[in-house]
Amino acid sequence: MHDHQTTIKSRVTLSGIGVHSGKPVSVQFSPADADTGIVFHCLGAETADNEIRALVSEVGGTDLSTILGDPAKHHIATVEHLMATVFALGIDNLSIDIDGTEVPILDGSSAMFVEAFDQAGITTLQAKRRYIRILKPVRIESGASWAEFRPYDGTRFEVEIDFESPAIGRQFFAADLSAEMFRNEISRARTFGFMKDVERLWAAGYALGSSLENSLVIGDDHRIINMEGLRYPDEFVRHKVLDAMGDLALAGGRFIGCFRSYRGGHRLNAAALRSLLSDPSAFEIVDVSRRERSRSAEMAAVNSPA
């Protein structure tokens, strides 16, 4: 765990299309001062206040993606793959200019965001980083699905999915978070969907930019349509882990604990995070102090709002 906050060293830009809108969009990432957090600036917004902060309090929709702001007005959709990268690479402060209402889907994973931030570089700031340490279990349920936070000495994800399609079936992935683990085990896992749902999604105005170049698609015969096949043997559950990381990055700080879910999704992830942050007895805000001689870490509780 790092003592101090970070930002990127230089500006970097990515362009693509929105997976749901189908419209072209560009995003420019710029360095930001300590305690800025992750802030989107919506270019061309009709209102003078064009900022949207990447916080769970700003989540306005969770149907098929995570949306910040009001979906009917001022908003940024499909933020989860970008936010997962920010979270996993340890970027605390970032200014993001975007000229559309949806983060580009790129290849359907976080791989190109990782490349962009590697190109920009990451630099350490003087301000101390604050963490959200889980003190007791917090669990929510929705039908057969559930999600929970539990105390843990580190940041860990344990995610299980269960689909009727034999192409997916029941899959489980568990790992402690690190930048290296994310790069190697999670970042290249793509979003996925079923051919049988395409016409219904199009009619509802979704998936207008979806293609085999940015989505892993399962056909009516339960076979994967993409010619190149899977990037990981269990790519489906790994992408669900990626989504969970992106959704939980909206806590406003990294958490120290274990997040577990079964048959989860964006709505359940956001609900679990809200449930945690609404219970002051379930967490505390801490920073990391290191003893110089041994460089071993100590956690110190600090007075700071969530």
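Thresholds, definitions, all that
- Every chain is numbered independently, its residues counted from 1 as its sequence is written.
- Side-chain atom pairs in this predicted model are given and counted only at pLDDT of 80 or more, local residue features only at pLDDT of at least 70, and totals for whole chains, interfaces and linings cover all residues.
- Just so you know, side-chain values use all the structure's heavy atoms and leave hydrogens and water out.
- Each helix corresponds to a stretch of at least 4 residues labelled H or I by DSSP, and each strand to a stretch of at least 2 residues labelled E; elements are numbered beginning at the N terminus.
- Radius of gyration: over C-alpha atoms. The globule rule applied is 2.2 Å multiplied by the number of residues raised to the 0.38 power.
- Exposure categories follow from relative accessible area, calculated using a 1.4 Å probe and restricted to protein chains: below 20% of the type maximum is buried, above 50% is exposed, and the middle band is partly exposed.
- The charged-residue count follows a simple rule in which Lys and Arg add positive charge and Asp and Glu add negative charge, with His and chain termini not counted at all.
- Salt bridges are identified by distance alone: a Lys or Arg side-chain nitrogen within 4 Å of an Asp or Glu carboxyl oxygen.
- Joining through side-chain atoms within 4.5 Å is the link that ties buried Ala, Val, Leu, Ile, Met, Phe, Trp, Tyr and Cys residues into a set, and such a set is a nonpolar core.
- Any pair of residues with heavy atoms lying within 4.5 Å of one another is described as a contacting pair.
- Two rings belonging to Phe, Tyr or Trp (six-membered ring only in the last case) form a pair when the distance between their centres is within 6.5 Å. Interplanar angles under 30 degrees mark stacking, angles over 60 mark edge-to-face geometry, and anything in between is tilted.
- Axis lines are fitted to C-alpha atoms, over the contacting stretch for helices. Their N-to-C directions set the angle, which ranges from 0 to 180 degrees.
- With respect to orientation, any angle under 35 degrees is reported as roughly parallel, any angle over 145 as roughly antiparallel, any angle of 65 to 115 as roughly perpendicular, and every other angle as oblique.
- Amino acid classes used here: Ala, Val, Leu, Ile, Met, Phe, Trp, Tyr, Cys and Pro are nonpolar; Asp, Glu, Lys and Arg are charged; the rest, including Gly, are polar.
- Two N or O atoms form a polar contact when they lie within 3.5 Å of each other; inside protein one atom must be a possible hydrogen donor and the other a possible acceptor, and for residues adjacent in sequence the pair counts only when both atoms belong to side chains.
- Whether two strands pair comes down to DSSP finding at least two bridges between them.

Asker: How do you make sense of the overall build of the protein chain when you look at a structure like this?
Answerer: The helix and strand tally for the protein chain stands at six helices and 20 strands. Computed over C-alpha atoms, the radius of gyration of the protein chain comes to 19 Å, within 12% of the 19 Å expected from 2.2 N^0.38 for 306 residues, which places it in the range of a compact globule. With the C-alpha coordinates of the protein chain rotated into their principal frame, the extents come out at 60 × 45 × 35 Å. Residues counted as buried form 53% of the 306 residues belonging to the protein chain.

Asker: Help me understand the side chain of Lys240, please; the structure alone is not making it clear to me.
Answerer: By the secondary structure assignment, Lys240 is in helix α5 (residues 235-248). Although buried, Lys240 forms no salt bridge, and the nearest oppositely charged side chain, Asp243, lies 5.2 Å from it.

Asker: Just to check I follow, could you spell out the nonpolar core for this structure?
Answerer: Soluble globular proteins: nonpolar side chains tend toward being buried together. Phe29, Phe40, Phe117, Phe157 and Met245 are the most contacted members of the largest nonpolar core, which totals 73 residues. Here Phe117 is in contact with Ile8, Phe29, Leu82, Thr85, Val86, Leu89, Ile91 and Leu94, once residues within four sequence places are set aside.

Asker: What exactly am I supposed to notice about the packing of aromatic side chains here?
Answerer: Each pair of aromatic rings is reported with the distance of its centres and the angle of its planes. Throughout the structure, instances matching the rule amount to 11 aromatic pairs. With 5.7 Å between their ring centres and 70° between their planes, Phe157 and Phe255 make a pair best called edge-to-face. Residue Phe157 is found in strand β14 (residues 155-162), and its partner Phe255 is found in strand β18 (residues 254-262); the two are separated by 98 residues along the sequence. With a relative accessible area of 1%, Phe157 lands in the buried category.

Asker: Explain the environment of Ile218 to me, please; I cannot follow it from the model alone.
Answerer: Its location among the elements puts Ile218 in strand β17 (residues 216-218). Since its relative accessible area comes to 0%, Ile218 is described here as buried. In the structure, Ile218 is positioned 24 residues away from Phe194 in sequence and 4.8 Å away in space, judged by C-alpha atoms.

Asker: Can you walk me through the packing of helix α1 (residues 80-89) against helix α3 (residues 179-186) in this structure?
Answerer: For any two helices packed against each other, the geometry is given by the interaxial angle and the distance between the axes. Running from N to C, α1 and α3 cross one another at 140°; their axes reach a closest spacing of 8 Å. In terms of orientation, α1 lies oblique with respect to α3. From α1, Ala84, Thr85, Ala88 and Leu89 reach across to α3, where they touch Ala179, Phe182 and Arg183. Looking at side-chain class alone, the contact of α1 with α3 contains five nonpolar, one polar and one charged residues.

Asker: Whenever I open this one, the side chain of Glu102 confuses me. Can you help?
Answerer: Mapping Glu102 onto the fold places it in the loop between β9 (94-98) and α2 (111-120). For the buried Glu102, no salt bridge exists, and the shortest N-O distance to an oppositely charged side chain is 8.9 Å, to Lys23. For Glu102, the side chain forms a polar contact with the main-chain nitrogen of His20, separated by 3.1 Å. Polar contacts involving the side chain of Glu102 include one to the main-chain amide nitrogen of Ser21, which spans 2.9 Å.

Asker: Can you walk me through the sheet that holds strand β8 (residues 75-76) in this structure?
Answerer: Two pairing modes exist for strands in a sheet, parallel and antiparallel, and in both the strands are linked by backbone hydrogen bonds. Read across the sheet, three strands follow the order β6-β7-β8 without closing on themselves; strand pairing throughout is antiparallel. With partners counted over all chains shown, the strands left at the sheet margins are β6 (59-61) and β8, one partner each. The pairing of β6 with strand β7 (residues 67-69) spans two bridges and is classified as antiparallel. Following the sheet pairing, Gly61 is matched in β7 by Ile67.

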